[in-house]
Amino acid sequence: MSDQGIVWEVFVQKKPGQPFVHCGNVHAHDAELALQNARDLYARRNEGTALWVVPAKYIVASSPEDVGPFFDPANEKIYRHPTFYTVPEGISHM
Amino acid sequence: MTNKEALFNYCLRLGDNNLILGHRLSEWTGRGPMLEEEMALCNIALDLLGQANSFLQYAAKVEAKGRSEDDLAYLRNDREFFNTLLAEHPNGDYAFTIMRQFLMSAFDFYFYDELKKSSDETLAGIAAKAHKEITYHLRHSSNWAERLGDGTEESHSRIQNALDELWRFTAELFEMNEVDGLLLKEKISVDLKSIKPKWEKLVNEVLQRATLKIPVNTFMQRGSRDGKHTEHLGYLLAEMQHLHRTHPGVQW
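Since the model is a prediction, treat every value here as computed from it, not as a measurement.

> Mind showing me how you'd approach the overall build of chain B here?
Scanning chain B from N- to C-terminus turns up 10 helices and 0 strands. Helices (α) and strands (β) of chain B occur, in sequence order from the N terminus, as α-α-α-α-α-α-α-α-α-α. In terms of overall size, chain B behaves like a compact globule, its C-alpha atoms giving a radius of gyration of 18 Å where 252 residues would be expected to give roughly 18 Å. Once the C-alpha set of chain B is aligned to its principal axes, its extents read approximately 55 × 40 × 30 Å.

Take a look at the structure:
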């Protein structure tokens, strides 16, 4: 079996309601087996309760050259930073 | 045969089956067809080894002759093992390993679901944990059986060969003897007659999706309930027990 399938990026969710976090990738020939492989490699030791797998080719990434124009924080525009609001009590994961 | 002897034998049967099948799967370590599959098989092997450990530990306790689970695993000869013939079969190619695993996992899935209700609390407890793990083993092996069966011409013929070769060891899974009879009376063991139709239904469904044909008029092999095995078990034990027999009482 020299054909290893395609690469899938794996995202794991620690607990319901929390964001899915990228944890690595696996090879697989289809979605169901990609999920299984992901479970075997990344979610066997209580790492999470839900998984996403996405074919790597569908991930659209920014390129390293974009660092300046794309990510400069515009620190002088303070209205972009919602620091004037107080977070109500009991709200988590903000 | 006393009830205690029957329970001891029953625990050996379950422990040995998981130990031997687990050892077979662990033989794929370093040789898997792809990294992800090697991990999957090793994980299944570890689950089975854990189950074997629990059953043999309990067997040793029931026997109460000062033997440990290690003594039972590493210091018995092939005639003293009670695993099914299906479990001891060599790996063959990947399709062969998958078919063996599928037939076995499908059986274990229904078996442990019933054993969960055993009046023996220890057996019921081990079964509850095992059933969770086996649900995954079944999912993995049936998925692959379908894909290989319904895959290319070569994968189809390889897994069909595996089915043709292994089918004659399936009747033995449901064979009951004096041990089963004695323990059934106390609601300790599983009535294998009751799980056979469920197993057949599932196996038929999966094999149909996999476009595979069950061989007809196959002569069914038996023997493991009496400690009689294929020639393969002796070689497996020689390798598996080598370390312990060379260094008796060795600790990790």
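Once the structure has been displayed, the description carries forward.
> Explain a nonpolar patch on the surface to me, please; I cannot follow it from the model alone.
All names here are of chain A. Together, Val67, Phe70 and Phe71 make up a nonpolar patch on the protein surface, roughly 350 Å² of accessible area in all. As for its placement among the helices and strands, Val67 is situated in helix H2 (residues 67-71). Relative accessible area serves as the criterion here: at 53%, Val67 is assigned to the exposed category.

> How should I be thinking about the interface of chain A and chain B in this particular structure?
When the parts of a complex come together, some accessible area is lost, and that lost area is often used as the size of the interface. Of the residues lining the interface, 15 residues belong to chain A; the matching set on chain B comes to 16 residues. Here chain A and chain B share an interface that buries about 1500 Å² over both sides, 51% of which is from carbon and sulfur atoms. At the boundary of chain A with chain B, the tally comes to 3 salt bridges. A salt bridge links Glu32 of chain A to Arg139 of chain B, with the shortest nitrogen-to-oxygen separation between them at 3.0 Å. Connecting chain A to chain B are 9 residue pairs in polar contact (both at pLDDT 80 or more). Looking at the side of chain A that touches chain B, the elements that each hand over two or more residues are strand S2 (20-28) and helix H1 (31-42) of chain A. In the side of chain A that touches chain B, the residues fall into 5 nonpolar, 5 polar and 5 charged.

> What is the right way to read helix H6 (residues 121-149) of chain B from this model?
Side chains of residues three or four places apart in an α-helix project in the same direction, reflecting 3.6 residues per turn. Residue and element names in this part refer to chain B. Taking 1.5 Å of rise per residue, 29 residues should cover 42 Å, and H6 covers 40 Å from first to last C-alpha, within 8% of that figure. The largest bend in H6 amounts to roughly 30° and is located at His131. Looking at where H6 begins, the residue whose side-chain oxygen comes 3.0 Å from the main-chain nitrogen of Thr122 is Asp120.

> Just to check I follow, could you spell out the state of the cysteines for this structure?
Covalent bonding between the sulfur atoms of two cysteines defines a disulfide. Evaluated as defined, the whole model comprises 0 disulfides over all chains. Here Cys42 of chain B is not disulfide-linked; the sulfur of Cys23 of chain A is the nearest cysteine sulfur, at 20 Å.

> Please clarify how the nonpolar core should be interpreted in this entry.
In summary, soluble globular proteins display a tendency toward joint burial of nonpolar side chains. Residue and element names in this part refer to chain B. In this structure, Met99, Phe111, Leu115 and Trp199 are the most contacted members of the largest nonpolar core, which totals 91 residues. The element contributing the most residues to this core is helix H5 (residues 94-115), with 15 residues. Sequence-distant contacts of Met99, defined by excluding residues within four places in its chain, comprise Ile159, Ala162, Leu163, Leu166, Leu207 and Leu212.

Rules used throughout
Residues numbered from 1 in each chain as written. Chains lettered and ligands numbered in written order. Predicted model: local features only at pLDDT ≥ 70, side-chain atom pairs only at ≥ 80, totals over all residues. Heavy atoms only, no water. Helix = DSSP H or I, 4+ residues; strand = E, 2+ residues; numbered from the N terminus. Rg over C-alpha atoms; globule rule 2.2 N^0.38 Å. Patch = residues over 30% accessible without salt bridge, like charges linked within 9 Å, V, L, I, M, F, W, Y side chains within 5 Å. Areas by Shrake-Rupley, 256 points an atom, 1.4 Å probe, with all protein chains shown as cover. Salt bridge = Lys/Arg side-chain N within 4 Å of Asp/Glu carboxyl O. Buried < 20%, exposed > 50% of the residue type's maximum accessible area, 1.4 Å probe, protein only. Contact = heavy atoms within 4.5 Å. Buried area = accessible area lost by both parts, 1.4 Å probe. Polar contact = N/O pair within 3.5 Å; in protein donor to acceptor, adjacent residues only side chain to side chain. Nonpolar A, V, L, I, M, F, W, Y, C, P; charged D, E, K, R; others polar. Expected span 1.5 Å × (residues − 1). Bend = angle between axes of the 7 residues up to and from the residue. Disulfide = S-S within 2.5 Å. Core = buried A, V, L, I, M, F, W, Y, C linked by side-chain atoms within 4.5 Å.

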